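For reference, the chains in residue letters:
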Amino acid sequence: MAKEEQKLGEGSSQNSNSQFPEIITVLPGDDVTEIINKLVQSSKKSSNTKTNTSKERTTKLGNGLRLIEQDENENNTIKKYIFTATLAGRLQHRITSKAITFHILANTKRYFPQRNDRIVATIDERIGDYYRVTIPHASTGSALLPITAFEGATKRNRPMLNHGDLVYCRIDSETEQSRVMEPFVSCCVRPGEISSGGGGLSKKDWMTDEGTYGQLKGGCTASISLGLAQELLLPHNVVLDALGRSSIPFEICIGVNGMIWVKTKEDQPEYTILILNAIENSQVMTEAQVRGMVKALVKTVRSSIDSQD
């Protein structure tokens, strides 16, 4: 958002950021094989230089990308693999110690549940040993949450949730029919999620209210575009970084289904409005404009609060 667009097919060099050095816009059907191969090779060279090891990262395809197998000769003995885009958006990648994952950052209107997605959902009703939760903007509409799917929970010692309560959870399972059938969700950190680079994750008991997932008490929810939600979940997001440096104490949960939850001091709702406005405005601004906008909003709100005292 803060950098100039790069046409599909132009060269790109590797850096330490999770995004490409320049934005690469793709359309459905575009062949991105050359770009992905260059980034994978650059990643291998960078890893070998730093660690003096030849261990390779696994290449993974995320949302909006498809692997197509083609025959390269008439005898069908040689296969050719092509990476193509299935969505219109920006091609991005993220590197961890074990894998390099590519995906398309797209602003779609409907959310299709995928395993391990983090979402904000609403409790609808209790059905036996499950809660039915409503997933806003989702193709399935709802999901099932086991009553013991909380850190440290048992049938006797578990959260007692009611209709309308909010929960921050992750998609725990999905099937090939997940676009039309209810998936399962969980408020437990999945095995290996913390060690695989999940910064900020906490696996504390549900009773402490300090875990990564669980019931969201108080605060305010807002609906945003799916594309903006994906932007906010990227490492080093500009607007969240600027808000974090503003010394405003707040909590935030971001769901890839286009829902965010924000909680500030109960006696200062002005800061909640400030954060929501800053997030909404950030999607049409450059990095410099975002940081300037946040500073201006914070200054205005603090002046308003001081004048009331």
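Read on for a plain summary of the structure. Everything quoted here is computed from the prediction, not taken from an experiment.

Topic: helix α4 (residues 269–282)
So, point 1. In this model, α4 (14 residues) spans 20 Å end to end at C-alpha, consistent with the 20 Å of a helix rising 1.5 Å per residue.
So, point 2. Taken together, the buried positions of α4 are Tyr271, Thr272, Leu274, Ile275, Leu276, Ala278, Ile279 and Ser282.
So, point 3. Against β14 (220–223), α2 (226–232), α3 (238–244), β15 (251–255), β16 (259–263) and α5 (287–308) lie the buried residues of α4.

Let's talk about the packing of α4 against α5
So, point 1. Where α4 contacts α5, the two axes come as close as 10 Å, and the packing angle between them is 160 degrees. As summarised for this structure, α4 and α5 are arranged roughly antiparallel, according to the angle between their axes. The handedness of the crossing between α4 and α5 is right-handed. Contacts between α4 and α5 pair Glu270, Tyr271, Leu274, Ala278, Asn281 and Ser282 from the former with Val290, Met293, Val294, Leu297, Val298, Val301, Arg302, Ile305 and Gln308 from the latter.
So, point 2. Residues belonging to the contact of α4 with α5 are distributed by class as follows: ten nonpolar, three polar and two charged.

Topic: the environment of Ile23
So, point 1. Along the chain, Ile23 turns up in strand β2 (residues 23–26).
So, point 2. Looking at Ile23, the relative accessible area reads 10%, which means it is buried.
So, point 3. When the C-alpha atoms of Ile23 and Leu91 are compared, they prove to be 7.5 Å apart, with 68 residues separating the residues in sequence.

Some remarks on α5
So, point 1. The end-to-end C-alpha distance of α5, which contains 22 residues, comes to 32 Å, matching closely the 32 Å that a straight helix rising 1.5 Å per residue would cover.
So, point 2. Those residues of α5 not exposed but buried are Val290, Met293, Val294, Val298, Val301 and Ile305. Down the axis, α5 shows its buried residues gathered within 130 degrees of arc, on one side only. Along α5, exposed side chains directed more than 90 degrees from the buried face belong to Ala288, Lys295, Lys299, Thr300, Asp306 and Ser307.

Criteria and cut-off values
- Residues numbered from 1 in each chain as written.
- Predicted model: local features only at pLDDT ≥ 70, side-chain atom pairs only at ≥ 80, totals over all residues.
- Heavy atoms only, no water.
- Helix = DSSP H or I, 4+ residues; strand = E, 2+ residues; numbered from the N terminus.
- Expected span 1.5 Å × (residues − 1).
- Buried < 20%, exposed > 50% of the residue type's maximum accessible area, 1.4 Å probe, protein only.
- Contact = heavy atoms within 4.5 Å.
- Axes fitted to C-alpha atoms, helices over the stretch in contact; angles between N-to-C directions.
- Parallel < 35°, antiparallel > 145°, perpendicular 65-115°, else oblique.
- Left-handed = near helix turned anticlockwise from the far one by under 90°.
- Nonpolar A, V, L, I, M, F, W, Y, C, P; charged D, E, K, R; others polar.
- Arc of directions from axis to C-beta.

Keep in mind these numbers describe shape, not what the thing actually does.
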